[in-house]
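Fold and contact review
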Amino acid sequence: MTDVYCSLQEANTARQKEWDVDNQITLAYRGNELAGEVGEACNVIKKLERERMGIRGSRDTVEHLAEELADVEICNGLIAMQAGIDLDAAVVAKFNATSEKMGLKTRMALRDPAPSTQQPVDQIEDLAKWLHNETDHPEHCPGYAWPENEHDDGRRAGGWVKIVPKYAQEYFRDIARRMFAGPLAGWEPRL
Ligand SMILES: [Mg+2]
């Protein structure tokens, strides 16, 4: 049986739980991994250039370059995942900041935003927390606590708890918004 995901972030998160069962991989490991994949892509580019210039030596293909660029993209996503960065949002913000700085009119927007809903924020928050804590959703982070407020850093009486990473919080809020806009439209919690 296979699990299929439509976004790289979701697929990377799920696969790493299979691949690195003891969660040993560090950010430094990921940095080396990215550098390695960039090097592999550059080596293919060198060979394509070699062919273009008619210089002696081994050759390579654009299809192989596509594979190596895909590896780079996947590694980028893994680093973002590890650092708790929403890479899609970061790319849009950076792209638009550069356009602004250079006086260019082209802008990006996040694809397929969650449908708008008039549902109160606290109901979205409650549903997102419930989905994270009480379901077997593959994105849930076992052993991590849902934040009690937006400034919750995990400090508790007598110690600390690990807070669900921001990208995962946003993931579950997005599901909650979609549920309130679709199957739960008009639903009111019973008091
Ligand atoms: Mg590679």
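Residues numbered from 1 in each chain as written. Predicted model: local features only at pLDDT ≥ 70, side-chain atom pairs only at ≥ 80, totals over all residues.

Some points on the overall build of the chain
Basically, it comes down to this: The helix count covers DSSP runs of H or I at least four residues long, the strand count covers runs of E at least two residues long, and both are numbered beginning at the N terminus. Radius of gyration: over C-alpha atoms. The globule rule applied is 2.2 Å multiplied by the number of residues raised to the 0.38 power. Labels follow a simple rule on C-beta atoms placed from the backbone: if 20 or more others lie within 10 Å of a residue's own, it is buried; if 12 or fewer, it is exposed; otherwise it is partly exposed. For every residue pair, C-beta atoms are placed from the backbone, and the pair is scored as a contact if these atoms sit within 7 Å.
Within the chain, the regular secondary structure consists of 6 helices and 2 strands. Beginning at the N terminus, the succession of helices and strands in the chain can be written as α-α-α-α-α-β-β-α. In summary, the chain has a C-alpha radius of gyration of 21 Å against a globular reference of 16 Å for 191 residues, an excess of more than 25%. The principal-axis extents of the C-alpha atoms in the chain amount to approximately 75 × 45 × 40 Å. Within the chain, the fraction of its 191 residues that count as buried is 11%. A fraction of 60% describes how many contacts in the chain between residues 6 or more apart in sequence connect residues 24 or more apart.

Some remarks on the domain arrangement of the chain
Here is the rule: What counts as a domain boundary in this text is fixed by an automatic or database domain assignment. Only Asp, Glu, Lys and Arg are considered charged, only Ala, Val, Leu, Ile, Met, Phe, Trp, Tyr, Cys and Pro nonpolar, and every remaining residue, Gly among them, polar.
In terms of domains, the chain is made up of domain 1 (8–102) and domain 2 (121–181). Inter-centroid distance (C-alpha atoms) of domain 1 to domain 2 is 29 Å. Every contact between the two is made by 7 residues of domain 1 and, on the other side, 6 residues of domain 2. Across the side of domain 1 that touches domain 2, the residue classes break down as 2 nonpolar, 3 polar and 2 charged.

Side note on the packing of helix H5 (residues 121–134) against helix H6 (residues 166–181)
Defined as follows: Every axis corresponds to a line fitted to the C-alpha atoms, with the helix fit spanning only the stretch in contact, and the corresponding angles, defined between N-to-C directions, vary from 0 to 180 degrees. Note: crossing handedness is left-handed where the near helix turns anticlockwise from the far helix by less than a right angle, and right-handed where it turns clockwise.
Two numbers describe how H5 lies on H6: the axes approach to 8 Å, and their chain directions differ by 120 degrees. Crossing angle aside, the handedness with which H5 passes H6 is right-handed. Where H5 approaches H6, its residues Ile124, Leu127, Ala128, Leu131 and His132 are matched on the opposing element by Phe172, Arg173, Ile175, Ala176, Arg177, Met179 and Phe180. Across the contact of H5 with H6, the residue classes tally to 9 nonpolar, 1 polar and 2 charged.

Observations concerning unusual backbone geometry
Its identity as a non-glycine residue notwithstanding, Asn23 has a phi of 55 degrees, on the positive side. Position of Asn23 relative to the elements: it lies in the loop between helix H1 (8–19) and helix H2 (27–53).

Section: the environment of Asn32
If you trace the backbone, Asn32 turns up in helix H2. Along the backbone, Asn32 and Arg111 are 79 residues apart, and their C-alpha atoms lie at a distance of 30 Å.

Topic: the confidence of the model for the chain
Inclusion rule: Across the chain, each position has a pLDDT score giving the predictor's confidence in that residue, from 0 to 100.
The share of residues in the chain with pLDDT of 70 or more is 95%, and the mean pLDDT across the chain is 90. Mean pLDDT across the secondary structure elements of the chain bottoms out at H6, with 86, and peaks at H2, with 98.

Quick look at the nonpolar core
As a reminder of what qualifies: Remark: nonpolar core denotes a set of buried Ala, Val, Leu, Ile, Met, Phe, Trp, Tyr and Cys residues whose joining runs through C-beta atoms within 7 Å.
Membership of the largest hydrophobic core is limited to 10 residues, which are Ile124, Leu127, Ala128, Trp146, Val164, Ala168, Tyr171, Phe172, Ala176 and Phe180. Of all elements in the fold, only H5 and H6 reach the threshold of two or more residues within this core. Tallying contributions element by element places H6 first for this core, with 5 residues.

Some thoughts on the packing of H1 against helix H3 (residues 62–83)
Operational definition: Roughly parallel means an angle under 35 degrees; roughly antiparallel, over 145; roughly perpendicular, 65 to 115; everything else is oblique.
Relative to each other, H1 and H3 sit at 70 degrees, their axes nearing to 9 Å. The angle between H1 and H3 falls in the class roughly perpendicular. For the pair H1 and H3, contact is made by Leu8, Gln9, Asn12 and Thr13 and by Glu73, Ile74, Gly77, Leu78 and Met81, respectively. Of the residues in the contact of H1 with H3, the class split is 4 nonpolar, 4 polar and 1 charged.

Overview of H1
Note: α-helices contain 3.6 residues per turn, so residues at a spacing of three or four share the same orientation. Cut-off, in case you're wondering: Here the expected length of a helix is defined as 1.5 Å per residue gap, with one fewer gap than residues.
When the terminal C-alpha atoms of H1 are compared, their 15 Å separation across 12 residues agrees well with the 16 Å that a helix rising 1.5 Å per residue should span. Against H3, helix H4 (87–102) and H6 lie the buried residues of H1.

Some details on the environment of Gln9
Along the chain, Gln9 turns up in helix H1. Judged by the 20 C-beta atoms lying within 10 Å of it, Gln9 falls in the buried class. Note: C-alpha distance between Gln9 and Ile85 (76 residues apart in sequence) is 10 Å. Setting aside chain neighbours within four positions, we find Gln9 in contact with Gly77, Met81, Leu87 and Tyr167.

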